[in-house]
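# Coordinates in review
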Amino acid sequence: MAMTEKEVAEILGKLPSKVQKNRSKHILVKDCSQPDQVIEANTRTIPGIITNRGCAYAGCKGVVLGPLKDMIHIVHGPIGCSYYAWGTRRNKGRTEDPSENFLNYCFSTDMQEKDIVFGGEKKLAATIDEVMKIFNPKAITISATCPVGLIGDDIQSVGRAAEERHGIQVLAFNCEGYKGVSQSAGHHIANNILMDKVIGNSTEEKAPKPFAINILGEYNIGGDSWEIERVLKEIGYHVVSVMTGDGSYEELRLAHTAQLNLVQCHRSINYIAEMLETKYGTPWLKVNFIGINSTAESLRNMAQYFGDETLIRKTEEVILREQATIQPRIDQYRKICDGKRAFCFVGGSRGHHYQGLFAELGIETVLAGYEFAHRDDYEGRSVLPTIKPDSDSKNIPELHVERDTERYCVKLTPEIAEELRAKIPLSNYKGLNIDMQDGSIIVDDLNHYETEEFIRLLKPDIFASGIKDKYVVQKMGIPAKQIHSYDYSGPYAGFGGAVNFARDVSMAFASPTWNYIIPPWHDQPLLDGQINEGGAA
Ligand code: CFM
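Quick notes on the rules
Residues numbered from 1 in each chain as written. Predicted model: local features only at pLDDT ≥ 70, side-chain atom pairs only at ≥ 80, totals over all residues. Heavy atoms only, no water. Near = heavy atom within 4 Å. Nonpolar A, V, L, I, M, F, W, Y, C, P; charged D, E, K, R; others polar. Axes fitted to C-alpha atoms, helices over the stretch in contact; angles between N-to-C directions. Helix = DSSP H or I, 4+ residues; strand = E, 2+ residues; numbered from the N terminus. Parallel < 35°, antiparallel > 145°, perpendicular 65-115°, else oblique. Contact = heavy atoms within 4.5 Å. 1 Å grid on protein atoms, 1.4 Å probe; cavity = no way out; pocket = protein on both sides within 12 Å on 5 of 7 lines; lining within 4 Å. Points joined across faces, edges and corners; volume = space filled by probe spheres on them. Buried < 20%, exposed > 50% of the residue type's maximum accessible area, 1.4 Å probe, protein only. Pairing = 2+ DSSP bridges. Phe/Tyr/Trp six-rings, centres within 6.5 Å; stacked < 30°, edge-to-face > 60°. Lys NZ or Arg CZ within 6 Å of the ring centre and 35° of its normal.

Glancing now at the site of the ligand. Taken together, 14 residues lie near the ligand, and R89, H187, C265, S349 and H484 sit nearest. In terms of residue class, the shell around the ligand is built from six nonpolar, six polar and two charged.

Next up, the structure:
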């Protein structure tokens, strides 16, 4: 059921004209006859609108730093910023020595009114000393929350002094929640410092095994990266580091030794991939390990990059075996899912990645989008030169890297690189828009009003999104599947993950629960109102 521009305009017509004008730039009806549909993205949410976005602190501490298991991540701020971030993102990690894994802990300076008035630097320094005494970690991070920036605590100098006292790296991140328009700013802040101070901070020059790779932008939610690595290792790859799922400080230091960087989540990590290419000459390959076909294609592209006969043969063997194992089960689940329609609205990459997996189950994605992606995640990297920096993006410090004179090494001749670029997404990502069906909806920073309106009009059978809209949607009688945390399930990546996803989605459809819920528009009159701009008439 394709939607028209007119229907979208009707939804937005209920909003004040300024808001209408703003929101209409964030919503596209996919029109295959227009190759370059432009969407506005990575701009401020209108105050008062209920967005699903998070803050810069969430992107820095929660997303990028949080999964690094052998570091201690101190949150400098009131306890709420830690409490509500504790264990909610299901980035799993395991270590041989359990005392080297701090993922289950929550470290906060627990700022009180006194600290806000008189400053919290001493308390932060004391927290670092206490952490060293009790846990003795290899390295520490400090993440700033909003009040820290407002009162002007100098976390950088507290970090530097602690480095001298304890002889380990203490990295301070000025990721105050209000820096930037969403968590995307926090990814950038975190990655820049990891690139500057951790990656390559080792005397190792070479990976111990051939086919050495880093997996960038994979966070091991529900065990995703374990399922991906299982297959990669069997084929013969050596995974140097995962940034940052089940990741570690020690592995990150070696990331410069890889021969290829895989990019799973383009949004959160594309600039690191670019910087690694500039500094060490390591190309990056866009991969997608969500869905059976995408996983197989990503594996084949990797094998093409290395061009090794044994690797290519082993890749085909593994794909054949894995597919034969899972396909009968997928076929069973497909009987339940076939013909259904989905909304797929997630943070900055999954709104695209999950569409292939839905399609393999016979589910069509009729609306998709991202909370905080940038235009290149929608329209592809070719639009990058046309994106103008605004005052919000200029607020995030840029890191300029240069070629490492000793470590830079050309991995591909220009001719081979050129040849490969024509065949595989080497240092390239084409974005979400290109894969959407004609008449489907692409929406940036979807809000609660639009969620309800689009559901009313398009009547999806499943809503793939997050915790913030899950319950609203379920109360409308529609199954909601959390694609951020996977509810309590996973992994969903790779071959094994596809079966788990198919099972969970089928369970959602087959549950009799939905028959007991009457959506409000079935038995309640719809209130209609009008907004008088400039106050009551
Ligand atoms: Fe990348 Fe992510 Fe995502 Fe993201 Fe996230 Fe996440 Fe996400 Mo939730 S790094 S952009 S900031 S893939 S936490 S693991 S699920 S919004 S689509």
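For the pair helix α13 (residues 292-306) and helix α21 (residues 494-510), interaxial distance at closest approach is 9 Å and the crossing angle is 170°. As judged from the angle between their axes, α13 and α21 are roughly antiparallel. Contacts between α13 and α21 involve I292, T295, A296 and L299 from the former and G494, F495 and A498 from the latter. Its residues assigned to classes, the contact of α13 with α21 comprises five nonpolar, two polar and no charged.

Taken as a whole, this structure holds two cavities of 30 Å³ or more when the rule is applied. One number sums up the size of the largest cavity: a volume of about 50 Å³. Lining the largest cavity are N22, R23, H26, R44, T45, I46, I49, D445 and N447. By volume, the second largest cavity is sized at about 40 Å³. Along the walls of the second largest cavity sit E227, I228, V231, F289, T295, L299, G494 and F495, which together make up its complete lining. If you list the elements that add at least two residues to the lining of the second largest cavity, you get α10 (224-235), α13 and α21. Here the lining of the second largest cavity gets three residues from one element, more than from any other, and that element is α10. When grouped by side-chain class, the residues that make up the lining of the second largest cavity number five nonpolar, two polar and one charged.

Once that is clear, we can look at the environment of H448. As for its position among the elements, H448 is in helix α19 (residues 448-458). By relative accessible area, H448 is classed as buried at 17%. In this structure, the C-alpha to C-alpha distance between H448 and T51, residues 397 residues apart in sequence, is 6.9 Å.

Mapping R321 onto the fold places it in helix α14 (residues 309-337). By relative accessible area, R321 is classed as partly exposed at 37%. As for R321 and V242, which are separated by 79 residues in sequence, their C-alpha atoms are 25 Å apart. Apart from the residues within four sequence positions on either side, R321 is in contact with R230 and E234.

Paired through backbone hydrogen bonds, the strands of a sheet run either parallel or antiparallel to each other. Taken together, four strands build an open sheet; the order of strands is β7-β6-β8-β9 and the sheet is parallel. Both edges of this open sheet fall to β7 (238-244) and β9 (284-286), since each of them pairs with a single strand only. On average, each strand axis in the sheet is inclined to that of its neighbour by 25°, with strand direction left out of account. By the bridge criterion, four bridges tie strand β6 (residues 212-218) to strand β8 (residues 260-263) in an arrangement that is parallel. From the neighbouring strand, I215 faces β8, where its bridge partner is L262.

Under the counting rule described, the total for this entry stands at 16 aromatic pairs. When the ring of F211 is compared with that of Y237, the centres are 6.5 Å apart and the planes differ by 75°; the resulting orientation is edge-to-face. Here F211, found in the loop between α9 (183-197) and β6, pairs with Y237, found in the loop between α10 and β7; they are 26 residues apart in sequence, far enough to count as distant. In this structure, F211 and Y237 share a single accessibility class: buried. An aromatic cluster is present here, built from Y354, F358, Y486, Y492 and F501 joined pairwise through their rings. Of note, R94 hangs over the ring of W226, and the distance from its end group to the ring centre comes to 3.8 Å. One cation-aromatic arrangement involves R403 over Y408; the distance from NZ or CZ to the ring centre is 3.8 Å.

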